[in-house]
Every structure is written in structure tokens, then in C-alpha cells.
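# Breakdown of the fold
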Amino acid sequence: MSSIITKFMTAVTEPQFKLARDLMAMAIADGKITPEEHEAMSSICHIEHIDEHQLMESLSTSNGPVCEIPPTVKEREEYLRNLILLIGADSYSAPQEIYLFQIIASRMGLNQMNVIGLFLMTTTHQYFQGDIGCKVLKSFLENYIDPKKKGNEIWRHHLHTIYETVAMNTENDNRLLAQNLSKATQALLMNKILVDEFSHVGLNFQRILKEEELQVLEQYAR
């Protein structure tokens, strides 16, 4: 299969550069990149000590700037799952990595619910050993929701998407749906950093979660 990962592997082989490399590859291919995307890429390049100009030049001259997205949904999800494993290699999901991951997923036709679902399904013992997956998911949720850095509508939407993802992956059983949504609330409340962040800006995280839980339960109950 000819894809982003194989097309540009000869240009930049260091695995920790993959997120920045792949988005840059896409940007070169379609000529579209926003200032926010460029800032996020520059930030990752700085953190990982990547020469951004050299990286862009190597991509531009590597057999032409042609970039192919994996053709099937299954192959795209597998590709993105590998990116999550890469992101979680240091047991942490950095904000810039999450942002670039969302952009790449979006350009592959996946929505926010798909992104949440992939993180929930990938941060398990099947893919990560010990408690590493829990740490990756925990940091993902912290940086995905963060009320201090994101507007009210954004973190509300992200929270709602989390509960919707749980509902969409639950069989048509109202009792099981209620149990799974409640478990999601309890899991989020165990994230002390998130609880403190909401408290810091004068918000009751537990009440907000319960509101989202009940709203999605009402929405998806059969």
C-alpha cells in the first residue's frame, strides 16, 4: 500500500517526527495549511529539536510531494492507531500532538467522535502494557477538554462527544447504556487534574458531567 507513512519514510525516518512529518506531507500535497496548524507543527519541531526548514525541504524533494491517504476505513484506523501508539510512547499525550492528530484524522474523513473512539479503544492493555494506556488516555482527556485553554462551547462539545462515543459503542440495552455512561462519569472524576482545572475557573465538574451523562442517556435510550 502506498500511503503517507511509506511515501515519506525515506525522507524522515525518526519515528518521533512522524506527526509533524505526516501533516507537513499533507500540507505539501494539497497546499492547504492554516496558521494554527503551522504553529502546532513548529511547536513540535521545537520540542523534538527538529530543523523545520530542513524537514520541509526533505519532504518537498522526496520523490515529489505526492501523498496518498490509505484507501479503506480499516486501513485509515490502523494508521491512526499507530500514530496513537507513537504519541503514547512517552506515556503522555501532548496538546500539540493531539491537535495534529485531530487534523490528520479530519483529513482522512474522521470526525471528533471517531477520534475519541480510537483513543478509548487504543489505550487498552491490548496495545499498551501496564498502566501506560491509562496515562496516555488521562493526559489526552486533560489536554482535550482543558477549561482554562478552551472556550465553553469547545470543552462542552468535547465532553458531549466522549459520552456519545460511549453510547455509540454500547448495545441497544438501556440498563447497560446507563451503567456505561455512569462509568464514564466516574472515570472522568478520577482525573484529579481535570477536577482541579474546572474548580479553578469556578465550575463544578461533577455537576457538568452528570448533566452530559443524563442528556446523552435520554438521547440514546431506546
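Residues numbered from 1 in each chain as written. Predicted model: local features only at pLDDT ≥ 70, side-chain atom pairs only at ≥ 80, totals over all residues. Heavy atoms only, no water.

With that settled, the discussion passes to the overall build of the protein. When helices and strands are tallied, the protein shows twelve helices and zero strands. Counting from the amino terminus, the protein carries its helices and strands in the arrangement α-α-α-α-α-α-α-α-α-α-α-α. Every one of the 222 residues in the protein was classed for burial, and the buried ones make up 43%. Considering only intrachain contacts with a sequence separation of at least 6, the fraction spanning at least 24 residues in the protein is 73%. (Helix = DSSP H or I, 4+ residues; strand = E, 2+ residues; numbered from the N terminus. Buried < 20%, exposed > 50% of the residue type's maximum accessible area, 1.4 Å probe, protein only. Contact = heavy atoms within 4.5 Å.)

Another aspect to go through is the environment of I154. In this structure, I154 sits in helix 9 (residues 152–168). Given a relative accessible area of 43%, I154 falls into the partly exposed group. As for I154 and Y144, which are separated by ten residues in sequence, their C-alpha atoms are 9.4 Å apart.

Below, the discussion takes up the confidence of the model for the protein. Looking at the protein as a whole, the pLDDT averages 76, with 71% of positions reaching at least 70. Between the elements of the protein, mean pLDDT differs from a low of 35, seen in helix 1 (residues 4–7), to a high of 95, seen in helix 12 (residues 205–220). Every residue in residues 1–16 is under pLDDT 50, and counting partners more than four places away or in other chains gives 38 contacts. (pLDDT = per-residue confidence, 0-100.)

Before going further, it helps to examine the nonpolar core. A general feature of soluble globular proteins is that nonpolar side chains tend to end up buried together. Membership of the largest hydrophobic core comes to 39 residues, with the highest contact counts inside it found for L80, F101, F119, F140, I145, L159 and L188. Contributing elements (two or more residues each) for this core: helix 5 (73–87), helix 6 (95–107), helix 7 (112–122), helix 8 (132–145), helix 9, helix 10 (174–189), helix 11 (192–200) and helix 12. Each residue touching L188, except ones within four places of it in the same chain, is listed here: L141, I145, L159, Y163, L194, F205 and L209. (Core = buried A, V, L, I, M, F, W, Y, C linked by side-chain atoms within 4.5 Å.)

A few words on the packing of helix 9 against helix 12. Interhelical geometry of helix 9 versus helix 12 gives an angle of 45° and a closest axis separation of 9 Å. Classified by the angle between their axes, helix 9 and helix 12 sit oblique to one another. Viewed along their axes, helix 9 and helix 12 form a crossing whose handedness is right-handed. For the pair helix 9 and helix 12, the contacting residues are W155, R156, L159, H160, Y163, E164, A167 and M168 in the first and F205, I208, L209, E211, E212, E213, Q215, V216, Q219 and Y220 in the second. By residue class, the composition of the contact of helix 9 with helix 12 is ten nonpolar, three polar and five charged. (Axes fitted to C-alpha atoms, helices over the stretch in contact; angles between N-to-C directions. Parallel < 35°, antiparallel > 145°, perpendicular 65-115°, else oblique. Left-handed = near helix turned anticlockwise from the far one by under 90°. Nonpolar A, V, L, I, M, F, W, Y, C, P; charged D, E, K, R; others polar.)

Another aspect to go through is the packing of helix 8 against helix 11. In the contact formed by helix 8 and helix 11, the axes pass within 9 Å of each other and the chain directions differ by 20°. What the angle tells us is that helix 8 and helix 11 run roughly parallel. Pair helix 8 / helix 11 crosses with right-handed handedness. Touching L141, E142 and I145 of helix 8 are I193, L194 and F198, all from helix 11. Here the contact of helix 8 with helix 11 is built from residues that sort into five nonpolar, no polar and one charged.

Counted by the stated rule, this structure contains seven salt bridges. The closest approach of N and O atoms between E213 and K210, which form a salt bridge, is 3.2 Å. Of this pair, E213 and K210 are both found in helix 12, three residues apart, which corresponds to roughly one turn of the helix. Take E213: its relative accessible area is 5%, and that puts it in the buried class. Taking relative accessible area as the criterion, K210 reaches 39% and is therefore assigned partly exposed. Through salt bridges that share partners, R156, R207, E211 and E212 make up one connected network. (Salt bridge = Lys/Arg side-chain N within 4 Å of Asp/Glu carboxyl O.)

This part takes up the packing of aromatic side chains. As enumerated under the stated definition, the model contains five aromatic pairs in all. Ring centres of F101 and F119 lie 5.3 Å apart, and the angle between their planes is 80°; on these two criteria the pair is classed as edge-to-face. Taken together, the positions of F101 in helix 6 and F119 in helix 7 put the pair 18 residues apart, joining distant regions of the chain. Judged by its relative accessible area of 0%, F119 falls in the buried class. Look at F140 and Y144: their rings are 5.0 Å apart centre to centre, the planes differ by 20°, and that puts the pair in the stacked class. Pair noted here: F140 and Y144 are both in helix 8, with a separation of four residues, about one helical turn. By relative accessible area, F140 is classed as buried at 1%. An aromatic cluster is present here, built from F101, F119, F140 and Y144 joined pairwise through their rings. (Phe/Tyr/Trp six-rings, centres within 6.5 Å; stacked < 30°, edge-to-face > 60°.)

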